[in-house]
Amino acid sequence: MTQLLSPQVQPPLGRSSRPRDAAFAGISRGSGIIVLFTMGAIGAFLLWKALPALRANTVPFLTSTQWFPDDPQPKFGIAALAFGTLLSSVIAMVIAVPVGLGVALYTSHYAPRRFAPTLGYVVDLLAAVPSIIFGLWGLQILMPNSIGLWRWFDQHLGFIPLFNNSQNIYTRSIALAAVVLAIMILPTVSAISREVFNQVPPGHIEAALALGATRWETMRTAVFPFARPGMVSAAMLGLGRALGETIAVALILSATFSINWHVTEPGGNTFAANIALKWNEAGNIGLGALIASGLVLYIITFAVNMAARVVVERRRDFSGAN
Amino acid sequence: MAKRIDVSDLNVYYGTFLAVEGVNLVVEPRAVTAFIGPSGCGKSTVLRTLNRMHEVTPGARIEGKILLDHENIYGPDIDPVNVRSTIGMVFQKPNPFPTMSIYGNVVAGIKLKKRTKKSELDDVVESSLRGANLWEEVKDRLDRPGSVLSGGQQQRLCIARAIAIQPQVLLMDEPCSALDPISTLAIEELIHELKQQYTIVIVTHNMQQAARVSDTTAFFNIAGTGKPGKLIEMNTTANIFGSPSEKATEDYISGRFG
Ligand SMILES: Nc1ncnc2c1ncn2[C@@H]1O[C@H](COP(=O)(O)OP(=O)(O)O)[C@@H](O)[C@H]1O
Ligand SMILES: [Mg+2]
């Protein structure tokens, strides 16, 4: 030991093994590989479980809207599920992203200093509410109280197919599910975008103000461009949650296998809700069919995230990361 | 283009803390005025009151009057947004917008004010970058992000961005303190040229720099922590560095403290 500490001993200039660096590199590389492997394994597992059912299917899996997998002539397709899942999620995004960004902007840059942390905390708490509670709330409170609203849409905007309601029943609809989804993903969107809004360096904000920008112009010039990747991530995480949400949607929708653009009418279905509702009664092929639909949901979620990455990466040079 | 600034009985507060007390000074047009003094004496604070950037800090406020050619910029019907586009500012740390190209940075201020034709914007970009002695270095990569430039180039980009909106006054808060000596020299030469057109106020902790670039120097000092900073004396730069009338000024410039 003493010899090591003595100044006469020159440290060797050659490459030395740094065990902690090596361990850290190993761990992080290992975790990366494990994550990739797990994702691949899940996909492979789903495919393997789904294949017998897909082979037995007598209608096109991607474009059919029927769901009779346990018939002697199995018939099942995901068109209605994909339609309901995407439509409810898109409507939820249309509501939740602007509102969530607005709330985030308000808490990060507009709210009075003493009030802002409380508001942020309340929004964060909302993210911790279990989805069954949102589902029950949607069913018990929102559904009976929103009938007037949907009727108003039907009467005044009924010329738009989306708002048209030819059944005059305004419950258990895709629209209702979408509103509940929107409320569920709102805290995710707003909590994450609030964090990125708060991370905008004060120097950029001052630069904009010093050029004579108003508060809103400062947001547009300095805050939004800097926060853009984070805003995209926030929206995508919200979308991911909406696409996969099961119990709240299963509670609210009265499941049908049809493609109906009249979103305020009862009916519709989603991948996740359908799996939850059908699993217990499914036979052999039925289970395989549900797993196959799960595989499609898995791929859609994956594609959404890849698309988000592409959006974020495309202007990487301009991200301010360096 | 250049206007004169007249500060009278200025007290500056952060909340209840009186940071600067009783400042009276005049900034002449088409000249460089330097603020010097030890750290924490309120140079930046006073500078930021001159374009109402001070009040961006929560709880910050002032007492007193600041005239820009006879108009009180703190008057009741004055819009601070207009004050800031009339009195430009360059900060200590170069802060080009990282999400914008070099071109986008230069036109950022103009785009806030009005829609402008591309050809006009092109002209402004060239003249502002020439004005900031940066044109030759970046003319072939105007579409690259501002962050690819060196620190000194970034600071000149910030100067180009500030002069693109043709302000009356240019405020600079230690614009060279994050730069190497060569970039510093480039900025100092630029300040020399800019003063033909603009009223310039520069804060610097570097006394040689104040001596090199300024016509007038204001020396600020602080009696102790928690005490308000004060303007000790203001005179031509030659007089401040040659024959200061206050003992504190002499001590400071001869390096005896601070
Ligand atoms: N944002 C702020 N909030 C509270 N006090 C501040 C703030 N900025 C500066 N001060 C205080 O005001 C005084 C003057 O600071 P400053 O103007 O930055 O000095 P200088 O630029 O001369 O170094 C210091 O006591 C400093 O602590
Ligand atoms: Mg300072």
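Each remark here, short or long, concerns the structure printed above.
Computed from a predicted structure; not experimentally measured. (Residues numbered from 1 in each chain as written. Chains lettered and ligands numbered in written order. Predicted model: local features only at pLDDT ≥ 70, side-chain atom pairs only at ≥ 80, totals over all residues. Heavy atoms only, no water.)

## Quick word on the overall build of chain A
Working step 1: Scanning chain A for helices and strands turns up 11 helices and 2 strands.
Working step 2: Order of helices (α) and strands (β) in chain A, N terminus to C terminus: α-α-β-β-α-α-α-α-α-α-α-α-α.
Working step 3: Its C-alpha atoms give chain A a radius of gyration of 25 Å, more than 25% over the compact-globule value 20 Å for 322 residues.
Working step 4: In chain A, buried positions account for 43% of the 322 residues.
Working step 5: Summarising the internal contacts of chain A: among those between residues at least 6 apart in sequence, 73% fall at separations of at least 24.
Working step 6: Summing over all exposed atoms, chain A offers an accessible surface of approximately 17400 Å²; the carbon and sulfur share of this is 67%. (Helix = DSSP H or I, 4+ residues; strand = E, 2+ residues; numbered from the N terminus. Rg over C-alpha atoms; globule rule 2.2 N^0.38 Å. Buried < 20%, exposed > 50% of the residue type's maximum accessible area, 1.4 Å probe, protein only. Contact = heavy atoms within 4.5 Å. Areas by Shrake-Rupley, 256 points an atom, 1.4 Å probe, with all protein chains shown as cover.)

## Section: the packing of aromatic side chains
Residues and elements named next belong to chain A.
Working step 1: Within the structure shown, the criterion is met by 11 aromatic pairs over all chains.
Working step 2: Plain terms: the ring middles of F61 and F76 are 5.8 Å apart, the flat faces sit at 75° to each other, and that makes the pair edge-to-face. Residue F61 is found in the loop between α2 (19-56) and β1 (67-68), and its partner F76 is found in strand β2 (residues 75-76); the two are separated by 15 residues along the sequence. There is no split in this pair, since F61 and F76 are both buried.
Working step 3: The structure contains a cluster of three or more aromatic residues connected by ring pairs, namely F61, W67, F76 and F257. (Phe/Tyr/Trp six-rings, centres within 6.5 Å; stacked < 30°, edge-to-face > 60°.)

## Remarks on the site of ligand 1
Residue and element names in this part refer to chain B.
Working step 1: Surrounding ligand 1, one finds Y14, F17, A19, P38, S39, G40, C41, G42, K43, S44, T45 and T57.
Working step 2: Within the backbone of G40, one N or O atom sits 2.8 Å away from an oxygen atom of ligand 1.
Working step 3: Contact between ligand 1 and K43: an oxygen atom at 2.9 Å from a main-chain N or O atom of the residue.
Working step 4: Bound to the protein, ligand 1 loses 62% of the 560 Å² it would expose on its own.
Working step 5: Those elements giving two or more residues to the shell around ligand 1 turn out to be β2 (17-27) and α1 (43-49).
Working step 6: Across the shell around ligand 1, the residue classes tally to 5 nonpolar, 6 polar and 1 charged. (Near = heavy atom within 4 Å. Polar contact = N/O pair within 3.5 Å; in protein donor to acceptor, adjacent residues only side chain to side chain. Nonpolar A, V, L, I, M, F, W, Y, C, P; charged D, E, K, R; others polar.)

## Some details on the side chain of A:T107
Residues and elements named next belong to chain A.
Working step 1: In this structure, T107 sits in helix α3 (residues 79-110).
Working step 2: Under the relative-accessibility criterion, T107 is labelled buried at 8%.
Working step 3: In contact with T107, not counting residues within four places along its chain, are A116, L119, G120 and R194.

## A few points about the packing of α2(A) against helix α11 (residues 284-314) of chain A
Residues and elements named next belong to chain A.
Working step 1: At a closest axis distance of 7 Å, the pairing of α2 and α11 adopts a crossing angle of 140°. Comparing the axis directions of α2 and α11 gives the class oblique. By crossing handedness, the relation of α2 to α11 is classed as left-handed. Residues M39, I42, G43, L46, L47, K49, A50, A53, L54 and A56 of α2 form the contact with α11, whose own contacting residues are I285, G288, A289, I291, A292, G294, L295, Y298 and F302. (Axes fitted to C-alpha atoms, helices over the stretch in contact; angles between N-to-C directions. Parallel < 35°, antiparallel > 145°, perpendicular 65-115°, else oblique. Left-handed = near helix turned anticlockwise from the far one by under 90°.)

## Digging into the pattern of salt bridges
Oppositely charged side chains can form a pair if their charged atoms are brought close together.
Working step 1: Per the counting criterion, the structure on display carries 19 salt bridges over all chains.
Working step 2: In this structure, the salt-bridge partner of B:K113 is A:E217, at a minimum N-O distance of 4.0 Å. Residue B:K113 is found in helix α3 (residues 102-113), and its partner A:E217 is found in helix α8 (residues 215-244); the two belong to separate chains.
Working step 3: The class for A:E217 is buried, based on a relative accessible area of 14%.
Working step 4: Here B:D122 makes a salt bridge to B:K118, at a shortest N to O gap of 2.9 Å. Of the two residues, B:D122 and B:K118 are both situated in helix α4 (residues 118-131); the distance of 4 residues between them amounts to about one turn of the helix.
Working step 5: Take B:K118: its relative accessible area is 54%, and that puts it in the exposed class. (Salt bridge = Lys/Arg side-chain N within 4 Å of Asp/Glu carboxyl O.)

## A short note on the interface of chain B and chain A
Working step 1: Taken together, the contacts link 29 residues of chain B with 23 residues of chain A.
Working step 2: Taken together, both faces of the contact between chain B and chain A bury some 2100 Å²; the carbon and sulfur share is 65%.
Working step 3: If you look at where chain B meets chain A, you find 2 salt bridges.
Working step 4: Put simply, chain B and chain A have 3 residue pairs in polar contact (both at pLDDT 80 or more) between them.
Working step 5: Breaking the side of chain B that touches chain A down by element, the ones donating at least two residues are α2 (80-86), β6 (87-90), α3 and α6 (151-164) of chain B. (Buried area = accessible area lost by both parts, 1.4 Å probe.)

## Things to note about unusual backbone geometry
Residues and elements named next belong to chain A.
Working step 1: The backbone phi angle of R172 is positive, close to 50°, even though this residue is not glycine.
Working step 2: Looking at the secondary structure, you find R172 in the loop between α5 (131-157) and α6 (174-199).
Working step 3: According to the relative accessible area criterion, R172 is partly exposed, its value standing at 31%.

## Thoughts on the nonpolar core
Working step 1: In terms of nonpolar packing, the biggest core is built from 59 residues, with A:W67, A:I78, A:V180 and A:F271 touching the most fellow members.
Working step 2: Of all the secondary-structure elements, those providing two or more residues to this core are α2, α3, α5, α6, α8, α9 (247-252), α10 (271-278) and α11 of chain A.
Working step 3: The leading source of residues in this core is α11(A), at 11 residues.
Working step 4: In this structure A:F271 touches A:I78, A:L81, A:A82, A:T85, A:S293, A:V296, A:L297 and A:I300, once residues within four positions along its chain are discounted.
Working step 5: Grouped together as the second largest cluster of nonpolar side chains are 51 residues, B:V32, B:V107, B:M172 and B:I253 included. (Core = buried A, V, L, I, M, F, W, Y, C linked by side-chain atoms within 4.5 Å.)

## Observations regarding the side chain of B:T33
Residue and element names in this part refer to chain B.
Working step 1: Mapped onto the secondary structure, T33 falls in strand β3 (residues 32-36).
Working step 2: A relative accessible area of 1% means that T33 is categorised as buried.
Working step 3: Apart from residues lying up to four places away in sequence, T33 is in contact with V27, E28, I200, V201, I202, S214, T216 and M234.

## Notes on the environment of B:V201
Residues and elements named next belong to chain B.
Working step 1: With respect to the helices and strands, V201 occurs in strand β8 (residues 199-203).
Working step 2: Residue class for V201 comes out buried when judged on its relative accessible area of 0%.
Working step 3: Here the alpha-carbon distance between V201 and S254, two residues 53 residues apart in the chain, equals 23 Å.
Working step 4: Other than its neighbours up to four places away in sequence, V201 contacts V27, T33, F35, L47, L50, L170, L171 and M172.

## Overview of α3(B)
Working step 1: By the criterion of burial, α3(B) is predominantly enclosed, with 10 of the 12 residues buried.
Working step 2: Burial in α3(B) covers these residues: B:I102, B:Y103, B:G104, B:N105, B:V106, B:V107, B:A108, B:G109, B:I110 and B:L112.
Working step 3: The inward-facing, buried residues of α3(B) abut α8 of chain A together with α4, α5 (135-138) and α6 of chain B.

## Topic: the layout of surface pockets
Working step 1: Taken as a whole, the largest pocket encloses approximately 830 Å³ of empty space.
Working step 2: Only α3, α6, α7 (202-210) and α8 of chain A together with α2 of chain B provide two or more residues apiece to the lining of the largest pocket.
Working step 3: Sort the elements by how many residues they give to the lining of the largest pocket and α3(A) lands first, with 5 residues.
Working step 4: The space that makes up the second largest pocket amounts to roughly 400 Å³.
Working step 5: Residue lining of the second largest pocket: 20 residues in total, with B:V124, B:I163, B:A164, B:I165 and B:Q166 positioned closest to the centre.
Working step 6: Looking at the lining of the second largest pocket, the elements that each hand over two or more residues are α3, α4, α6 and α7 (181-194) of chain B.
Working step 7: A per-element tally of the lining of the second largest pocket places α4(B) first, with 5 residues. (1 Å grid on protein atoms, 1.4 Å probe; cavity = no way out; pocket = protein on both sides within 12 Å on 5 of 7 lines; lining within 4 Å. Points joined across faces, edges and corners; volume = space filled by probe spheres on them.)

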